[in-house]
Amino acid sequence: MTTTPHPLVTRARQLADDLLAPQAETVDRTEVPAGHIEAIKRSGLLGLGAPEEYGGSAVPASVARETAEILSGACCSTWFVQTQHHTPVATLVKGAAPVRERLLGPMARGELLSGVAYAHLRAFPRTPVRVERERGGWRFEGTVPWYTGWGLNDVMLLAGITGNGEALFAFTEAREQPGLRPSPPMRLVALTAARTVSLELDGLRLPEEAVALRTPYEQWAAGDRPKTVAASPAVFGVTEAALGLLDDDIADPLRTRLAAIRDRAYALADEAAPDEHLEERLALRLRSYEVMRAATTAAVVSGGGRSMALTGKAQRLAREALFLLVQGQTAASRRAHLEALAS
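Trainee: Sorry if this is basic, but what is going on with the layout of surface pockets here?
Mentor: Unfilled space is identified by rolling a water-sized probe across the atoms. Considering only enclosed or pocket space, the second largest pocket measures out at about 340 Å³ in volume. In terms of lining, the second largest pocket is formed by 16 residues, of which the most central are Arg225, Thr228, Val229, Thr330 and Ala332. For the lining of the second largest pocket, the secondary-structure elements that each account for two or more residues are helix 7 (217–229), helix 10 (278–303) and helix 12 (331–342). Residue contributions to the lining of the second largest pocket peak at seven residues, all from helix 7. Broken down by class, the residue content of the lining of the second largest pocket amounts to nine nonpolar, three polar and four charged.

This is how it looks when you write it as structure tokens:
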């Protein structure tokens, strides 16, 4: 019996086949074009996790994972820009009423694309971004080391630590403004096209009604921890793209290993509580890296000298794999990964 794909999975596949994959090497050498983002906005994919009453689709997690695999395998840079959007949507769904009512509908319908500036919270007790109360709002000071999608995003979800140890998240426009200054775009070994900058915050003032979430840091970190040990759908997407460049006798054993890892990782995501099986989830994440590394390396080897051309798909996938090794990395996951490599 065959199962009809979810309409948004079909839409993601069409977008990948017709637009993203054919232009991926060109985008990799330049930048994600505004046209790609407009196509994503029109597709309905930005509302995957948003409630239907706000214009979203509220799809099952399995659909969101499948679309992520498709987009990342087609053009990892475009996937990375748009994937930032889903955390702000999820934050608004559970967040404060004024900003939710103002932004959730436009974001769910694809009228606005949001970026995120919160990964630096994982450096705690270091506080790269500090937040202080001011009359009628908050003042942000410090440096956001990484911000992706500059010039493509409409708004951003910015986070910092307050003086009493709370994590505070607030929305602002994704543009240069008093108290917020971007660096020049970073030149990176992979995903330079995703338009990543750092942000200098020097007295950025945001009103109280911009705040989406304010919670003790420990409580936020407990909810964030499962995300940093889970296997990423993008790893599976890039690996599948690399396997597509190989002959079946090489690809099939790797594809079998990949399927076993994916099935177990997704089963844990669907069936276990978020704070359960954290060690096994991290082990599966590391095993997915092993297969991705093998598949992308095999694609380069299979392509021979042609793989060294910047127009070659294999070398792009291999560099994207390098990026995925450190995306969402924490001190704990880094240590576990290094120990696994050493053993």
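Trainee: Looking at this structure, how should I read empty space enclosed by the protein?
Mentor: Counted under the stated rule, the structure contains one cavity of 30 Å³ or more. Looking at the largest cavity, its volume works out to about 60 Å³. In terms of lining, the largest cavity is formed by Leu282, Arg285, Leu286, Tyr289, Leu325, Gln329, Ser333, Arg334 and His337. When residues in the lining of the largest cavity are grouped by element, the largest group, four residues, is from helix 10. Its residues placed into classes, the lining of the largest cavity shows four nonpolar, three polar and two charged.

Trainee: What exactly am I supposed to notice about the nonpolar core here?
Mentor: What tends to happen in soluble globular proteins is that the nonpolar side chains get buried as a cluster. Counting residues in hydrophobic clusters, the biggest one holds 65 residues, and the most contacted among them are Leu15, Leu71, Trp79 and Leu324. Listing elements by their share of this core, those giving two or more residues are helix 1 (7–29), helix 2 (34–43), helix 3 (61–74), helix 4 (76–83), helix 8 (233–243), helix 9 (248–271), helix 10 and helix 11 (313–326). In this view, Leu324 contacts Trp79, Ala234, Val235, Val238, Tyr289 and Met292; residues no more than four positions away in its chain are not counted. Among the nonpolar cores identified, the runner-up in size contains 23 residues, and Val89, Leu92, Leu104 and Leu121 belong to it.

Trainee: How do you make sense of helix 1 when you look at a structure like this?
Mentor: Side chains that are three or four residues apart share a direction in an α-helix, a result of its 3.6 residues per turn. Between its terminal C-alpha atoms helix 1 stretches 32 Å, which fits the 33 Å expected from 23 residues at 1.5 Å a residue. Within helix 1, the axis deviates most sharply at Gln23, by approximately 55°. The set of residues buried in helix 1 consists of Leu8, Val9, Ala12, Leu15, Ala16, Leu19, Leu20, Ala24, Glu25, Val27 and Asp28.

Trainee: Please clarify how the packing of aromatic side chains should be interpreted in this entry.
Mentor: The description of an aromatic ring pair uses the distance of the two centres, along with the angle that the planes make with each other. Scanning all chains against the criterion turns up nine aromatic pairs. Measuring from centroid to centroid gives 6.1 Å for Tyr118 and Phe169, while their planes differ by 55°, and the two rings are tilted. Of this pair, Tyr118 sits in the loop between strand 1 (114–117) and strand 2 (129–134) while Phe169 sits in strand 5 (residues 166–173), placing them 51 residues apart in sequence. Neither residue differs from the other here; Tyr118 and Phe169 are each classed as buried. Aromatic side chains Phe236 and Tyr266 sit 5.6 Å apart centroid to centroid with 90° between the ring planes, which places their arrangement in the edge-to-face category. Here the residue Phe236 occupies a position in helix 8, and Tyr266 occupies one in helix 9, the gap between them amounting to 30 residues. Here Phe236 and Tyr266 have matching classes, each one buried. Within the aromatic cluster, the residues linked to one another by ring pairs are Tyr118, Phe124, Phe169, Tyr217 and Trp220. Lying over the aromatic face of Tyr266, Arg65 brings its terminal NZ or CZ to 4.2 Å of the ring centre.

Trainee: Sorry if this is basic, but what is going on with unusual backbone geometry here?
Mentor: Trans peptide bonds make up the majority, and among non-glycine residues the majority have a negative phi. Residues Phe124 and Pro125 are joined by a peptide bond in cis, for which omega reads 20°. Here Pro125 lies in the loop between strand 1 and strand 2. Even without a glycine there, the phi angle at Ala58 is positive, about 50°. Along the chain, Ala58 falls in the loop between helix 2 and helix 3.

Trainee: Can you help me understand the packing of helix 1 against helix 3 in this one?
Mentor: Helix 3 packs onto helix 1 with a crossing angle of 10° between their chain directions and a minimal axis gap of 8 Å. Relative to helix 3, the element helix 1 is oriented roughly parallel. Here helix 1 runs over helix 3; the crossing is right-handed. On the side of helix 1, the interface is formed by Leu8, Val9, Ala12, Arg13, Leu15, Ala16, Leu20, Ala21 and Ala24, while helix 3 contributes Val63, Glu66, Thr67, Ile70, Leu71 and Ala74. Each residue belonging to the contact of helix 1 with helix 3 can be placed in one class, and the counts come to twelve nonpolar, one polar and two charged.

Quick notes on the rules
- Residues numbered from 1 in each chain as written.
- Predicted model: local features only at pLDDT ≥ 70, side-chain atom pairs only at ≥ 80, totals over all residues.
- Heavy atoms only, no water.
- 1 Å grid on protein atoms, 1.4 Å probe; cavity = no way out; pocket = protein on both sides within 12 Å on 5 of 7 lines; lining within 4 Å.
- Points joined across faces, edges and corners; volume = space filled by probe spheres on them.
- Helix = DSSP H or I, 4+ residues; strand = E, 2+ residues; numbered from the N terminus.
- Nonpolar A, V, L, I, M, F, W, Y, C, P; charged D, E, K, R; others polar.
- Core = buried A, V, L, I, M, F, W, Y, C linked by side-chain atoms within 4.5 Å.
- Buried < 20%, exposed > 50% of the residue type's maximum accessible area, 1.4 Å probe, protein only.
- Contact = heavy atoms within 4.5 Å.
- Expected span 1.5 Å × (residues − 1).
- Bend = angle between axes of the 7 residues up to and from the residue.
- Phe/Tyr/Trp six-rings, centres within 6.5 Å; stacked < 30°, edge-to-face > 60°.
- Lys NZ or Arg CZ within 6 Å of the ring centre and 35° of its normal.
- Axes fitted to C-alpha atoms, helices over the stretch in contact; angles between N-to-C directions.
- Parallel < 35°, antiparallel > 145°, perpendicular 65-115°, else oblique.
- Left-handed = near helix turned anticlockwise from the far one by under 90°.

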